[in-house]
Amino acid sequence: MCSGGVVGAGVTSLVVTIWLLMTCSLTSCELLQNGGFEHQLTGWKCWGAHCEVLGAADSHQGNHAIRTHNRTHYYQGPSQVIQTTPGKEYHAQSWVKILNDVPGKLGQKIQLEISFHFSDGTVRYENIAMRPLVTTANGWFFMKGEFQAPPKAAQSVSFYYQGPEPGVDFAVDQASVTEVPVDNTWRNQTDDVINRLRKSDIQLHVTTDSNIDTSRLKIQSSRVFIPRPSTGPCANAPSGKQLDWIGPLLQGGFGDIFLCQM
């Protein structure tokens, strides 16, 4: 659910609220508050670690980013409570940067995570995106993924970062979680493609010798099992699959013509 939040009073409040509502209706609605960290730590918590605001020189974009340090557990990182709708699909993304390496380690793992806490005391954890073996040499790197909210309504939903071993600091910037728009036209678009391509007429132009009575020619399309060819366009087709085959009238310099079912 989108809301304009609390802003200044009077006309300014009305204009900003209307603009935010238009943003939600014309594009995907942003679920995270202060995902770019331009308002420092507003909306974010750090799960027992310490979060520090970084300036423009250390951010990926804009004036601020967030550094997480003094971590004693792998799961400690910036987190924020968000609101999701049961059954809906969401897209999450963020820029992340490892700030120190561990001697003897090839790299660190970074994860974008989501947790759903239910009223019966159960919790569902889901990995959105994961990047292994990351070091300081990678600099800022981009992570993204999608998740679906469970059909059962959650009492609380949290988006958060985790992964690096204790003692490893990392920075995050430009975080975003948006609902994936539902495409209500996909069936019509699919039917249109089927009607234009799969159901379209096949035109065959056949050249015969002069002594052949063309009125007695017959072209027939058959479905047959043939072994997967070792070469050619159908070499990667699954073995034993049925292929649409046209022949033998079209045999000649081009060989048999058939369509692979990949």
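A quick note: this is a predicted structure, and the numbers were derived from the prediction, not measured.

A. Quick look at the overall build of the protein. For the protein, the helix and strand inventory stands at two helices and 12 strands. Mapped from its N terminus to its C terminus, the protein presents α and β elements in the order α-β-β-β-β-β-β-β-β-β-α-β-β-β. With 262 residues in all, the protein has 31% of them scored as buried. For the protein, the proportion of contacts with a sequence separation of at least 24, taken over those separated by at least 6, is 67%. Per element, the accessible surface of the protein, about 16,700 Å² overall, is 53% carbon and sulfur.

B. Spotlight on the pattern of salt bridges. For the structure shown, the criterion picks out five salt bridges. Residue Asp169 is joined to Arg67 by a salt bridge in which the shortest nitrogen-to-oxygen separation is 2.9 Å. Of this pair, Asp169 sits in the loop between strand 8 (156-162) and strand 9 (170-179) while Arg67 sits in strand 2 (residues 65-69), and the two are 102 residues apart along the sequence. Using a relative accessible area of 13% as the deciding quantity, one classes Asp169 as buried. Among the residues examined, Arg67 registers a relative accessible area of 22% and is labelled partly exposed. Connected through salt bridges with shared partners, the residues Glu52, Arg67 and Asp169 form a single ionic network.

C. Up close: the environment of Tyr161. Secondary-structure assignment places Tyr161 in strand 8. Non-local contacts of Tyr161, meaning those with residues more than four positions away in its chain, are made with Trp44, Tyr75, Gln76, Gly77, Pro78, Ser94, Val96, Gln111, Leu112, Phe170, Val172 and Ala175.

D. Spotlight on the packing of aromatic side chains. Applying the stated criterion to the full structure yields 10 aromatic pairs. With centroids separated by 6.2 Å and ring planes inclined at 65°, the aromatic side chains of Trp47 and Tyr75 adopt a geometry described as edge-to-face. You can see Trp47 sitting in the loop between helix 1 (10-26) and strand 1 (50-54) and its partner Tyr75 sitting in the loop between strand 2 and strand 3 (79-82), a full 28 residues away along the chain. Considering the side-chain rings of Phe159 and Tyr161, the 5.5 Å spacing of their centres and the 70° angle between planes classify their relative orientation as edge-to-face. Using a relative accessible area of 0% as the deciding quantity, one classes Tyr161 as buried. Note that Lys152 overlies the ring of Phe118, its terminal NZ or CZ placed 4.3 Å from the centroid.

E. View of the sheet that holds strand 8. With antiparallel pairing, four strands are arranged side by side in an open sheet as 3-8-5-6. For this open sheet the edge positions go to strand 3 and strand 6 (123-134), each flanked by a neighbour on one side alone. On average, each strand axis in the sheet is inclined to that of its neighbour by 15°, with strand direction left out of account. Bridge count for strand 3 against strand 8 is four bridges, and the pairing is antiparallel. For Ser79, the partnering residue across the bridge sits in strand 8 and is Tyr160.

F. Region of the structure containing the sheet that holds strand 1. On the basis of which strands lie adjacent, the open sheet formed by five strands has the order 1-2-9-4-7 and antiparallel pairing. The open sheet has two edge strands with one neighbour each: strand 1 and strand 7 (141-148). Mean inter-strand twist for the sheet, computed between neighbouring axes without regard to direction, equals 30°. Strand direction decides the pairing type here: strand 4 (residues 89-98) and strand 9, joined by eight bridges, are antiparallel. Bridge pairing links Val96 to Val172 in strand 9.

G. Here's a closer look at the nonpolar core. In this structure, Ile82, Val96, Ile114, Phe147, Phe159, Tyr161 and Val177 are the most contacted members of the largest nonpolar core, which totals 32 residues. Elements supplying a minimum of two residues to this core: strand 4, strand 5 (108-117), strand 6, strand 7, strand 8 and strand 9.

H. Geometry of the state of the cysteines. Taken as a whole and assessed by the stated rule, the structure comprises one disulfide. The disulfide partner of Cys46 is Cys51, and the gap between their sulfur atoms is 1.3 Å. Taking the sign of the S-S torsion, about -80° here, the bridge from Cys46 to Cys51 comes out left-handed. Summarising the burial analysis for this pair, Cys46 and Cys51 share the class buried.

Each value, and the rule that gives it
- Residues numbered from 1 in each chain as written.
- Predicted model: local features only at pLDDT ≥ 70, side-chain atom pairs only at ≥ 80, totals over all residues.
- Heavy atoms only, no water.
- Helix = DSSP H or I, 4+ residues; strand = E, 2+ residues; numbered from the N terminus.
- Buried < 20%, exposed > 50% of the residue type's maximum accessible area, 1.4 Å probe, protein only.
- Contact = heavy atoms within 4.5 Å.
- Areas by Shrake-Rupley, 256 points an atom, 1.4 Å probe, with all protein chains shown as cover.
- Salt bridge = Lys/Arg side-chain N within 4 Å of Asp/Glu carboxyl O.
- Phe/Tyr/Trp six-rings, centres within 6.5 Å; stacked < 30°, edge-to-face > 60°.
- Lys NZ or Arg CZ within 6 Å of the ring centre and 35° of its normal.
- Pairing = 2+ DSSP bridges.
- Axes fitted to C-alpha atoms, helices over the stretch in contact; angles between N-to-C directions.
- Core = buried A, V, L, I, M, F, W, Y, C linked by side-chain atoms within 4.5 Å.
- Disulfide = S-S within 2.5 Å.

Purely spatial values, then, with no claim about function.
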